[in-house]
Amino acid sequence: MADLSFSCSIDQGFNFHPDAQDYVGHLTTLKIGGVEIKANLEVTNPAESTGDNVPVVGVLSDIFWGGGFAEGINFSAQVNVNNKTELAKLQHSDLSNTEVTFSFNVYAYDQAAKKFYLAFHSNETDLEGLVEKHGSELNFNIEMDPSPEVANPLNFTLTLGVMPKELAQEVHVAVSDTDKFVKQWGVTVS
């Protein structure tokens, strides 16, 4: 299985410039342990020419998936101060419920079509998983210090790994505006 790895521009995510052609990523929904993290950042959708802003939970800086059905999706995202507070409360709690639902969009630029397209995404569907564990440690962290890449709005780095639930789900991949694929994430266990 081919892995998928995208390093997205934080600057492009917050301050979109149509002439720049960097990857842009958005964490569009997130719920951890039953706590919904709000989509309270307004950013530009690179694939829409209208220039209308869309609400997102955070701006992705990195996202990685090894490509295997049972492999986790790991990402880093920049969130605002209100979401940092909610995530810090979760990080410092018992977190006996490690269920996660999330959705995301990663945009790439198609040189031939001269436009942005969705290169890796959840197709506006929440994926269901569990916070990834390394031994007894959860792969979940929120930085307390602001990130230096973008000064305004104040933003903080969330890192999270999510293992799929025992459920066959879909992630969507494209290598151009017209060449698109659907891959399975998770395996249904009866």
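Summarised in this report is the structure supplied together with it. Treat the numbers as computed from the prediction; the structure is a model and nothing was measured. (Residues numbered from 1 in each chain as written. Predicted model: local features only at pLDDT ≥ 70, side-chain atom pairs only at ≥ 80, totals over all residues. Heavy atoms only, no water.)

## Describing the layout of surface pockets
Thought 1: If you add up the space inside the largest pocket, you get close to 210 Å³.
Thought 2: Here the element with the most residues in the lining of the largest pocket is strand E5 (residues 53-56); it accounts for three residues. (1 Å grid on protein atoms, 1.4 Å probe; cavity = no way out; pocket = protein on both sides within 12 Å on 5 of 7 lines; lining within 4 Å. Points joined across faces, edges and corners; volume = space filled by probe spheres on them. Helix = DSSP H or I, 4+ residues; strand = E, 2+ residues; numbered from the N terminus.)

## Regarding the pattern of salt bridges
Thought 1: Summed over all chains, the structure comprises four salt bridges.
Thought 2: Across the salt bridge formed by Glu-128 and Lys-165, the nearest N and O atoms sit 3.8 Å from each other. Placement of the pair is Glu-128 in strand E10 (residues 127-131) and Lys-165 in the loop between strand E14 (156-164) and strand E15 (169-174), with a sequence separation of 37 residues.
Thought 3: One salt-bridge network, in which partners are shared between bridges, spans Glu-99, Glu-128 and Lys-165. (Salt bridge = Lys/Arg side-chain N within 4 Å of Asp/Glu carboxyl O.)

## Quick word on the pairing of E14
Thought 1: Here seven bridges tie strand E7 (residues 73-79) to E14, and the two strands are oriented antiparallel to one another. Each bridged residue has a counterpart across the sheet, and for Val-79 the counterpart in E14 is Phe-156.
Thought 2: The pairing of E10 with E14 spans three bridges and is antiparallel. The residue of E14 that forms the bridge with Gly-129 is Pro-164.
Thought 3: Looking at chain direction, strand E13 (residues 140-142) and E14 are connected through three bridges and run antiparallel. Within E14, the position partnered with Phe-140 by the bridge is Leu-160. (Pairing = 2+ DSSP bridges.)

## What about the nonpolar core?
Thought 1: Counting residues in hydrophobic clusters, the biggest one holds 39 residues, and the most contacted among them are Leu-30, Ile-32, Phe-75, Phe-102 and Phe-120.
Thought 2: The element best represented in this core is strand E8 (residues 99-110), accounting for five residues.
Thought 3: Filtering out sequence-adjacent residues up to four positions away, Phe-102 remains in contact with Leu-27, Thr-29, Leu-30, Ile-73, Phe-75, Thr-125, Asp-126, Leu-127, Val-162 and Trp-185.
Thought 4: Residues Phe-14, Leu-41, Val-56 and Val-59 belong to the second largest nonpolar core, which totals seven residues. (Core = buried A, V, L, I, M, F, W, Y, C linked by side-chain atoms within 4.5 Å. Buried < 20%, exposed > 50% of the residue type's maximum accessible area, 1.4 Å probe, protein only. Contact = heavy atoms within 4.5 Å.)

## A short note on helix H2 (residues 81-91)
Thought 1: Every buried residue of H2 is listed here: Asn-83, Lys-84, Leu-87, Ala-88 and Leu-90. Along the axis of H2, the buried positions cluster into a sector of 155°, meaning they face one direction only. With respect to the buried face of H2, the exposed residues turned more than 90 degrees away are Asn-82 and Lys-89.
Thought 2: Against strand E2 (24-32), strand E3 (35-37), E7, E13 and E14 lie the buried residues of H2.
Thought 3: Among the residues of H2, the N-terminal cap falls to Asn-80, whose side-chain oxygen and the backbone nitrogen of Asn-82 are separated by 3.2 Å. (Arc of directions from axis to C-beta. Polar contact = N/O pair within 3.5 Å; in protein donor to acceptor, adjacent residues only side chain to side chain.)

Honestly, it's all geometry; don't read function into it.
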